[in-house]
Amino acid sequence: MYPSRFKYETPSTVEEAIGLLHDGGADAKILAGGQSLIPMMKLRFAAPGTIVDINNIPGLDYMRTESDGTFRVGALVRHVDLERATELKDSQPTIAAAAHLVADPIVRTRGTFVGSLCHADPQGDWASCMVALDGSVVAQGPKGRRTIGVDEFVKGPFTTVLAPDELAVEAVVPKAQGVRSGGYLKLERRIGDFATAGVAVAIERNGDVVSRAGIGLTGVGSRTINAEEAAAAVVGQPLTPDTIERAGDLAAAISDPRSDHRGSADYKRHIVATFVTRLLTSMQPTREQSTEERVA
Amino acid sequence: MTSLFEEVAPSEDDNIPVRRVEVRLNGERRAAKVEPRLLLAHLIRQGFQLTGTHTGCDTTNCGACTVLFDGEPVKSCTMLAVQAHGHEVTTVEGLATASELHPIQEGFKDEHGLQCGFCTPGMMLAAKALLDHNPNPTEDDVRWALSGNLCRCTGYQNIVKAVLWAAEKLRDADPGAAEGGDE
Ligand SMILES: Cc1cc2nc3c(=O)[nH]c(=O)nc-3n(C[C@H](O)[C@H](O)[C@H](O)COP(=O)(O)OP(=O)(O)OC[C@H]3O[C@@H](n4cnc5c(N)ncnc54)[C@H](O)[C@@H]3O)c2cc1C
Ligand code: FES
Ligand code: FES
């Protein structure tokens, strides 16, 4: 299998890339890691007239935490870069937990974090993490830059609000309001499979009190789900078995999965509740103690 | 040259200029003129006639087409040949020297790490990438690193043993390397 014919461009600056996208119109596509786009082109689900390969643009492979705690991921940071960045375990626990669960190790050497957000697959793992973290995407077009919250960025399955001549230059995770904990759990039939269901959780605490919480759901709807109500159920108080259970129930309720070869809708909803509960329970500072209390 | 290569490149269509691709393939400079839609796997197999790189699924799932691209394992069925311009590519043909098998190849031989052999080149290159980064892998590390490569003959047990065998042999040959690796 090979793609249909296209013009291949290799810009060396973001501005040049935007110019090429502008000239190519709706028929032009950015090529980042190519791990979603090239398979689609081979299957002729996509047949862009112009490919703008951004891999030769220097300076887009940065990953940095600003002094105020804001975390920025440039457009050419690969999944594997995040997987290898052990320092993220403390500062970005949700992302660190998901990094080794995206696709398989070989796909991860090419696929990019930002490309995954732009692909807007409802099964994409990174979008859920970004939803949980209240992250955003910085897009650059002929008229300059704009910052778009991830929730708004994704318009629907495989569709974003990016204009055809806009390039997503980076993804941004805001600084934590307090001490951040987080995690990602994904049920997959085998490595390299998309999620049967996946849950991203991020919470920020002042002392024991949760000051902010976010929950993103993978693969249980026609788009990444922001389980806002579920997250709100744990905010403003310390995590307790009761608030955790409530969050799990609310997350399951907002899930809208389809029964398919990966499992029934009920099963997937059950997984969502279990994963939310499991993740939040693991973040309780006095987990041992409260389990004992419950048993007693 | 097979028909596929001729069909895809060079192009007759003036609007789609053919591109010159220059790669360092197994240490040697190689060049070709290709149409942008030619996949790296096809350039290697049909263009450069190195048929050790296999295409299995052709849908980015099986890893049989794995080659090293600047030292990192990539699925060559999911990269354009033009993207390799100016880069280093290692295929299974680049593992052995004229007189000696690479320890990874010896390991596959000694531990019966292959049956039909179709997945083997991809397995070996994924294994090489692992051992280059981590000379002291545990069994779990090996299983993890090879989890993007499928073996239709399902001989995983011996593939893992083969890689662990190679790791030991490489450590014995160069005890200093066992301490570090790339990371
Ligand atoms: C076998 C296999 C298994 C996979 N499993 C998973 C999985 O379990 N979970 C998961 O999340 N993903 C999975 N993926 C997808 C993988 O993570 C892709 O890497 C990712 O979806 C797209 O990133 P990319 O850099 O490869 O983008 P590309 O394929 O290059 O591009 C994807 C789309 O985004 C656009 N785009 C890319 N970058 C930009 C940018 N900077 N600005 C504007 N538009 C842009 C492109 O034009 C294209 O439309 C899998 C892929 C494969 C092949
Ligand atoms: S042939 Fe490339 S992954 Fe199967
Ligand atoms: S040995 Fe036959 S596919 Fe692996």
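Counting from 1, residues in each chain are numbered in the order their sequence is written. Lettering of chains starts at A and numbering of ligands starts at 1, both following the order in which they are written. Local features are withheld for residues below a pLDDT of 70 in this predicted model, meaning they are given only at 70 or higher, and side-chain atom pairs are given and counted only at 80 or more; totals for whole chains, interfaces and linings count all residues. Water and hydrogen atoms play no part in the side-chain values, which are based on all heavy atoms of the structure.

Looking at the overall build of chain A
In this description a helix means any DSSP run of H or I spanning at least four residues, a strand means any run of E spanning at least two, and both kinds are numbered starting from the N terminus. Each helix and strand counted, chain A has 13 helices and 14 strands in total. Dimensions of chain A along its principal axes, counting C-alpha atoms only, are 70 × 45 × 30 Å. We call two residues contacting when some pair of their heavy atoms lies within 4.5 Å. For chain A, contacts bridging at least 24 residues in sequence account for 63% of all contacts bridging at least 6. On chain A, the mean spot of the 32 positive side-chain charges and the mean spot of the 37 negative ones are 5 Å from each other. When charges are counted, Lys and Arg contribute as positive and Asp and Glu as negative, whereas His and the chain ends are disregarded. Taken as the charge location is NZ of Lys, CZ of Arg, CG of Asp or CD of Glu.

A closer look at the overall build of chain B
When helices and strands are counted, chain B shows 6 helices and 5 strands. Helices and strands appear in chain B in the N-to-C order α-β-β-α-β-β-β-α-α-α-α. Residue exposure (1.4 Å probe, protein chains only): buried if accessible area is under 20% of the type maximum, exposed if over 50%, otherwise partly exposed. Looking at chain B as a whole, 50% of its 183 residues are labelled buried. Methods summary: accessible areas were calculated by the Shrake-Rupley approach with a probe of 1.4 Å, and residue burial reflects only the protein chains presented. Split by element, the accessible area of chain B, about 8,600 Å² in all, is 47% carbon and sulfur.

A few points about helix H12 (residues 265–282) of chain A
Each residue after the first adds 1.5 Å to the expected span of a helix. For H12 of chain A, spanning 18 residues, the distance from its first C-alpha to its last is 26 Å, which sits close to the expected 26 Å at 1.5 Å a residue. Those residues of H12 of chain A not exposed but buried are Ala-265, Lys-268, Ile-271, Val-272, Ala-273, Phe-275, Val-276, Leu-279, Leu-280 and Thr-281 of chain A.

Some words on the nonpolar core
Grouped together as the largest cluster of nonpolar side chains are 52 residues, with contacts concentrated most on Leu-82, Ile-95, Phe-113, Leu-117 and Trp-126 of chain A. The next biggest cluster of nonpolar side chains, apart from the first, holds 29 residues, and it includes Leu-37 and Ile-38 of chain A together with Ala-32 and Leu-50 of chain B. Residue types Ala, Val, Leu, Ile, Met, Phe, Trp, Tyr and Cys, when buried and joined through side-chain atoms within 4.5 Å, form a set referred to as a nonpolar core.

Here we look at the pairing of strand E3 (residues 50–53) of chain A
Residue and element names in this part refer to chain A. Side chains Thr-50 and Val-52 of E3 all project onto a buried face; the interleaved residues Ile-51 and Asp-53 project onto the opposite face, where all are buried too. Whether two strands pair comes down to DSSP finding at least two bridges between them. Direction of pairing for strand E1 (residues 7–9) relative to E3: parallel, over a ladder of 3 bridges. In the strand pairing of E3, Lys-7 is matched with Thr-50. With 4 bridges joining them, strand E2 (residues 28–31) and E3 adopt parallel strand pairing. Across the sheet, Ile-30 pairs through a bridge with Val-52, a residue of E3.

Re the site of ligand 1
All names here are of chain A. Looking at ligand 1, there are 33 residues lining it, with Ile-30, Leu-37, Thr-112, Asp-125 and Lys-186 nearest. Think of a polar contact as two N or O atoms within 3.5 Å of one another; within protein, one of them needs to be a possible hydrogen donor and the other a possible acceptor, and neighboring residues in sequence only count if both atoms come from side chains. Within the side chain of Ser-36, one N or O atom sits 2.7 Å away from an oxygen atom of ligand 1. Calculation on ligand 1 without its partners gives an accessible area of 960 Å², and the protein chains cover 95% of this total. Elements with a minimum of two residues in the shell around ligand 1: E2, helix H7 (113–119) and strand E10 (167–173). Here the element with the most residues in the shell around ligand 1 is H7; it accounts for 5 residues. When residues are sorted by character, Ala, Val, Leu, Ile, Met, Phe, Trp, Tyr, Cys and Pro go into the nonpolar class, Asp, Glu, Lys and Arg into the charged class, and all the rest, Gly among them, into the polar class. In the shell around ligand 1, the residues fall into 15 nonpolar, 14 polar and 4 charged. Throughout, the term near means that a residue has one or more heavy atoms lying within 4 Å of the molecule or strand in question.

Examining the interface of chain B and chain A
Listed as interface residues are 37 residues of chain B and, on the opposing side, 31 residues of chain A. Accessible area that two parts lose when put together, evaluated with a 1.4 Å probe and summed over both, is termed the buried area. When chain B packs against chain A, the two sides together hide about 2,900 Å² of surface, and 58% of this comes from carbon and sulfur. If you sort the residues of chain B by the area they bury against chain A, Arg-37, Gln-83 and Trp-144 of chain B come out on top, with a joint share of 22%. The term salt bridge refers to a pairing of a side-chain nitrogen on Lys or Arg with a carboxyl oxygen on Asp or Glu at a separation within 4 Å. Applying the counting criterion to the chain B and chain A interface returns 4 salt bridges. For the pair chain B and chain A, the interface holds 12 residue pairs in polar contact (both at pLDDT 80 or more). Residue assignment for the side of chain B that touches chain A shows that the elements contributing at least two residues are helix H1 (3–8), strand E3 (66–69), strand E4 (72–75), helix H4 (120–133) and helix H5 (139–145) of chain B. It is E4 of chain B that provides the largest number of residues to the side of chain B that touches chain A, a total of 4 residues. Across the side of chain B that touches chain A, the residue classes tally to 15 nonpolar, 13 polar and 9 charged.

A few points about empty space enclosed by the protein
Space inside and on the surface of the protein is sampled on a 1 Å grid over the protein atoms alone, with a cavity defined as a set of points where a 1.4 Å probe fits but cannot get out and a pocket as an open set with protein on both sides within 12 Å along at least 5 of 7 lines; lining residues have an atom within 4 Å of a point. Grid points are joined across faces, edges and corners, and a volume is the space filled by probe spheres set on the points. Scanning the entire structure with this criterion turns up 1 cavity of 30 Å³ or more. Lining the largest cavity, in full, are Asp-104, Arg-190, Ile-191 and Gly-192 of chain A together with Asn-61, Ser-147, Gly-148 and Leu-150 of chain B. When grouped by side-chain class, the residues that make up the lining of the largest cavity number 2 nonpolar, 4 polar and 2 charged.

Regarding the domain arrangement of chain B
Residue and element names in this part refer to chain B. An automatic or database domain assignment is the source of the domain bounds shown. Domain annotation for chain B reports domain 1 (4–94) and domain 2 (103–172). Taken over C-alpha atoms, the centre of domain 1 sits 24 Å from the centre of domain 2. At the boundary of domain 1 with domain 2, total buried surface from both sides reaches about 1,100 Å², with 64% on carbon and sulfur atoms. Of all residues in domain 1, His-54, Leu-68 and Val-92 give up the largest surface area on contact with domain 2, accounting jointly for 38% of the area buried on that side. At the junction of domain 1 with domain 2, the criterion picks out 0 salt bridges. Of all the secondary-structure elements, those providing two or more residues to the side of domain 1 that touches domain 2 are E3 and E4.

Concerning the sheet that holds strand E12 (residues 197–206) of chain A
Residues and elements named next belong to chain A. Strand order in the open sheet formed by 4 strands is E11-E12-E13-E14, and the pairing between neighbours is antiparallel. Edge positions in the sheet fall to strand E11 (179–187) and strand E14 (225–226), since each has one partner strand and no second. Sheet topology note: the E11/E12 ladder contains 9 bridges and is antiparallel. Its bridge partner being in E12, Leu-185 is matched across the sheet by Val-199. Helix axes use the C-alpha atoms of the stretch in contact, all axes being lines fitted to C-alpha atoms, and the angles between their N-to-C directions lie in the range 0 to 180 degrees. Running over the sheet, helix H8 (residues 125–132) touches E11, E12, strand E13 (209–218) and E14 and is turned about 160 degrees from E13. Against the sheet, H12 contacts E11, E12 and E13, and its axis sits at roughly 25 degrees relative to E12.

Some details on the confidence of the model for chain A
Per-residue pLDDT for chain A has a mean of 95; in total, 96% of the residues score no lower than 70. Looking at any residue, its pLDDT shows the predictor's confidence there, from 0 to 100. Scored below 50 in pLDDT, residues 289–296 of chain A shows 2 contacts in the model against residues more than four places distant or in partner chains.

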